[in-house]
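Structural characterization, general
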Amino acid sequence: MPYKLFDVSKPIPERKEHTYVKHCNDPEDCIPKCNSKTIPGSMTERGCAFAGAKGVITGAIKDVAHVVHSPIGCTMYGYGSKRYPTTTELPDGSEFPVKDFNIKYIIGTDLQESDVVFGGMKKLRQAVRETNKEFPFVNAIYLYATCTTGLIGDDMDAAAKEMEEEIGKPVIAFNAPGFAGSTQSKGHQIGNDTLFAKIVGTTEPPATTPYDINFIGEYNIDGDLWLLKEYFNEIGINILSTFTGDCCHNELGWMHRAKLSVVRCQRSSTYIAKMIEEKYGVPYIKTDFFSTEYCAENLRTVAKFFGLEDKAEEVIAKRMAKVGPELDFYREKLTGKKVFIFSGGPKSYHLSIPLHNELGLETTGVSSMFEHEDGFEKMKDRVKEGALVIDDPNTLELEELIEDYDIDLILGGVKEKYLVHKLGIPSLLIHSYENGPYMGFEGFLNLARDMYSAIYNPVWNILEFQETEDPDVADVTGEAAEEVEK
Amino acid sequence: MHHDKKVTEIHHDKKFSVVNPSKMCQPMGAVQALLGLKNSMPLIHGSQGCSTYMRFQLTRHFREPIEVASTSMNEKTVIYGGEYNLMKALKNITEKQSPSIIAVASSCLTETIGDDMAGIIRKFEDANPDKELPVIVPISTPSYTESHVEGYNRTIKALVENLTTLTAPNGKVNIITGFLSPADVGEVKEILNDLNLEGIILTDTSENLDAPLSESALNLYDGGTTVGQLEDTANSLGTIALSKHADSAGEFLEKKFGIKLISGPLPLGLENTDSFIRSACQLADLEIPENIEKDRGRLMDAMVDAHSYNYHRKMAIFGDPDFVSSMTRFTSEMGMIPTVVCTGAKSKRFTEDIETISKEKECSPVTLAGGDLYDMHEAIKKVGADILIGNSYGASIADEENIPLFRAGFPIFDRLGAQRISTLGYRGGIDFVDRLTNTILDFYYDEAGYEIVEEEDMIIEDQKFAEEEI
Ligand code: SF4
Ligand code: SF4
């Protein structure tokens, strides 16, 4: 049977279809059921569409004010929760007055009962006026629907249109109330659709070059973008627009002027690349910059499009010389260690092969909260037979997994991290990183170093209380301890 | 009123929107309260985003595993009502985790569609006559009224109201804690222990949210307040609500069973701790034991020792209302000058408390009740502050104003040990005085012990976020 029902999930037999144990290489045959309604009470880790739209897609934009039309909670939880650093540089050479404005400020309508009864439109309009007054320097104002405002039927688009005329700068509504779709993925899509429909094609870049790309689905988690940007610059490729890491509102408007769209996070942003191709004829490619191999391969592909292969080889050689020797050290230390990737989405297929090929780790299993079929096909394709491929797992299942499988490291999120530690297993934040960036050559080295330091944390060797003063009884993590004894 | 005038001046006519809120929603308060229950599972009836967001905030604060279930409502169920999802979630949680108690908090979504949670729960119970079901308690927590503080209050009230039963006097005292750090709850328990008084702690997070690395499977919380203790609350000597904003359960017990209620203050600082000790002794007719007197003496000693460093410092304080008002009193006791005090909840009790303290201590802080961090920042720019006390959301303000942030409250996600921050009682007070004064020494004094007079370039570490892919 290629599907598995965890013991802890026996009372919820539906969970079985979501937990696939790889048994063949046919991508069409057998993948876990995914992107379907969440089972109530299953202790899901999934987020909502609003989180997908604001938290993932638009929250990285540096020069817009975000107004969440909600009771206090949704606004509050969307405040400063993403590690998306931004600079103050704007493409026309001017300076935005506040660094990390996107992280530091959130605005909400703090809906009250009377608003729920009589509608919140007036309040929303006033909030936009006030936002424009308090933050006159923002270049656009984005409005977000949430469950409550979706339910009471406030016409966000109408409010946006009206306010845009009144204040004379773009006001855009994102209609992704939390109950839309089955995961945050729905919010990614709505974010893409809205930004495409409302912004792309509305502005012109200050200058263009024959080497312009859109870098799509790169959000600059912990500075990933800044690192990758160096590579592109050195090759001679110009990032005309980033969707949406450290980008500004106007930049999204001229995405139709690029020569090529390079899609980094395929789950959250292939939508807009496709739409731009269809409407404006800008081709797109899906890429992957995790690990030295993938990064090199994809830099080559992008460079080839512009006839800059030689430059790419230079950049790759230079970076490999820099990180290669240290990576060798970590490969030696990490070879044979078993890892489980408990990621939100695409990292579960980005990482399994490089971790094996370049660092010698084995992937015991992968999971995702919000991937769709195409993502799960890749996940399945890139793990060995017998590995687990799980949709929407929960912490109870994670616990069982840790007990039943031999796992040396969990790559997961903050909701898993501390549980895993209690069980005596190292874990690393892979959504937001520990000491990132993790992409690109230097980033992969950071990841290797963090994995090494998590597994070889000296605490793991002294977990057991010593009844006697015999120093070499400690054997907790098995191999790690053996390593020490050698 | 003098203060009110200032409040309106500071508000910038920003009446409709909130910028960088200083409050959270009611279900969050419910979850905060439920984390102190033994063998329990909180369930939020709504879309899954709410519970995921709350788990995320709580986990990164405590650095502990936190479980919150959701009924995962979606487009379709929103139209037909949440009965199917709630029944299904109750079934799944009962069978999968078999808790002794499931507390179901509503959300904006299910309040707006008007789900009858109590009715659905009854239906679930009727449908499962031969199964051993957990106790299931519905709590109405719409976030478009009030804040997490009220959510906490309603939760304790719902638990007590649903479960308490009059049997025989137990000689205990009910303590409603409000949302405290596990260390602070632990300190309250220690004080009761010193007094030789048994308490029913509502709710006891001291073990659950500061758990050891045990290498063994984690089930539901095995520490915390039990269903039996909740039932027993009607038989106590009295109730002390440490949080004035979480005393509704005490009012209920007083009205229905004649159990005396003493509401506040939070035992933070010398005078407030005195009040708490007095209340406890009064309820149980006790003498103050010697070790408590010694602790009191140590706190006074610490305050006197610290005074030359901190007496003229201006303080800005934000957080939950009881925390802010008692911290205002405490820092005034230390000779510091509260200049801005801010809480997200609109609370008359809070404003009254600040007025009393202002009169007694001859200070006049800008008071923001129902304020947000943006207003607070504007106020700080106007009236100045040498140190900011509050949660991690204050970091960028402190950075911009070049003052230190002393982290206390919730959430704290950019430093470790939030569960061990101790401020309550005489002993917590000592800890606080030491740490606050050392923060001042680190920031305003040089290595030779001289006060730095000129403006120096202070580098405050950038906020680091632990975060989630959501
Ligand atoms: S909908 Fe209500 S319950 Fe949910 S996060 Fe928003 S404010 Fe809180
Ligand atoms: S109320 Fe809806 S939009 Fe707000 S956090 Fe909850 S699920 Fe998301």
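Residues numbered from 1 in each chain as written. Chains lettered and ligands numbered in written order. Predicted model: local features only at pLDDT ≥ 70, side-chain atom pairs only at ≥ 80, totals over all residues. Heavy atoms only, no water.

On to the overall build of chain A, then. In terms of helices and strands, chain A carries 20 helices and 14 strands. The dimensions of chain A, computed from C-alpha atoms along their principal axes, are 75 × 60 × 50 Å. Within chain A, the proportion of its 486 residues that are buried is 66%. Here the analysis covers contacts within chain A between residues at least 6 apart in sequence; of these, 71% occur between residues at least 24 apart. Entry remark: accessible area of chain A is about 16,500 Å², with carbon and sulfur atoms responsible for 50%. Computed over 51 positive and 77 negative side-chain charges, the separation of the two mean positions in chain A equals 5 Å. (Helix = DSSP H or I, 4+ residues; strand = E, 2+ residues; numbered from the N terminus. Buried < 20%, exposed > 50% of the residue type's maximum accessible area, 1.4 Å probe, protein only. Contact = heavy atoms within 4.5 Å. Areas by Shrake-Rupley, 256 points an atom, 1.4 Å probe, with all protein chains shown as cover. Lys, Arg positive; Asp, Glu negative; His and termini not counted. Charge placed at Lys NZ, Arg CZ, Asp CG, Glu CD.)

A separate point is the site of ligand 2. Cys48(A), Phe50(A), Cys74(A), Thr146(A), Cys147(A), Gly178(A), Ser47(B), Gly49(B), Cys50(B) and Tyr53(B) make up every residue found near ligand 2. The environment of ligand 2 is shared, with nearby residues belonging to chains A and B. No other element matches the three residues that helix α3 (residues 48–62) of chain B contributes to the shell around ligand 2. Tallied by class, the residues present in the shell around ligand 2 amount to six nonpolar, four polar and no charged. (Near = heavy atom within 4 Å. Nonpolar A, V, L, I, M, F, W, Y, C, P; charged D, E, K, R; others polar.)

So, about the sheet that holds strand β3 (residues 69–70) of chain B. Residues and elements named next belong to chain B. An order of β3-β2-β4-β5 is seen for the four strands of this open sheet, with the pairing classed as parallel. In this open sheet, the two strands that pair with only one neighbour each are β3 and β5 (135–139). Direction of pairing for strand β2 (residues 40–45) relative to strand β4 (residues 101–106): parallel, over a ladder of six bridges. Bridged to His45 within β4 is Ser106. Sheet strands in contact with helix α2 (residues 26–34) are β2 and β4, and its direction is about 170° off that of β2. Packing of helix α5 (residues 83–97) onto the sheet brings it into contact with β2, β3, β4 and β5, and relative to β2 it is tilted by some 160°. (Pairing = 2+ DSSP bridges. Axes fitted to C-alpha atoms, helices over the stretch in contact; angles between N-to-C directions.)

Our focus in this paragraph is the domain arrangement of chain A. Residue and element names in this part refer to chain A. Entries for chain A in the domain assignment read domain 1 (49–194) and domain 2 (212–314). Counting residues at the interface gives 24 residues for domain 1, matched by 22 residues for domain 2. Across the domain 1/domain 2 interface, buried area totals approximately 1,800 Å², and carbon plus sulfur atoms make up 60% of it. For the interface between domain 1 and domain 2, the tally reads two salt bridges. Its salt-bridge partner being Asp246, residue Lys62 comes within 3.1 Å of it at the nearest N-O pair. Run the count over domain 1 and domain 2 and you get 10 residue pairs in polar contact (both at pLDDT 80 or more). Only α1 (49–57), β4 (140–144) and α8 (185–198) provide two or more residues apiece to the side of domain 1 that touches domain 2. Per-element accounting of the side of domain 1 that touches domain 2 gives the leading share, five residues, to α8. For the side of domain 1 that touches domain 2, the class distribution of residues is 13 nonpolar, seven polar and four charged. (Domains from an automatic or database assignment. Buried area = accessible area lost by both parts, 1.4 Å probe. Salt bridge = Lys/Arg side-chain N within 4 Å of Asp/Glu carboxyl O. Polar contact = N/O pair within 3.5 Å; in protein donor to acceptor, adjacent residues only side chain to side chain.)

Here the amide bond leading from Gly436(A) into Pro437(A) is cis, since omega sits at 0°, within 30 degrees of zero. Along the chain, the position of Pro437(A) falls in the loop between β14 (427–429) and α19 (440–455). Residue Phe410(B) is joined to Pro411(B) through a cis peptide bond whose omega torsion reads 0°. Mapped onto the fold, Pro411(B) is located in the loop between β14 (405–407) and α18 (425–444).

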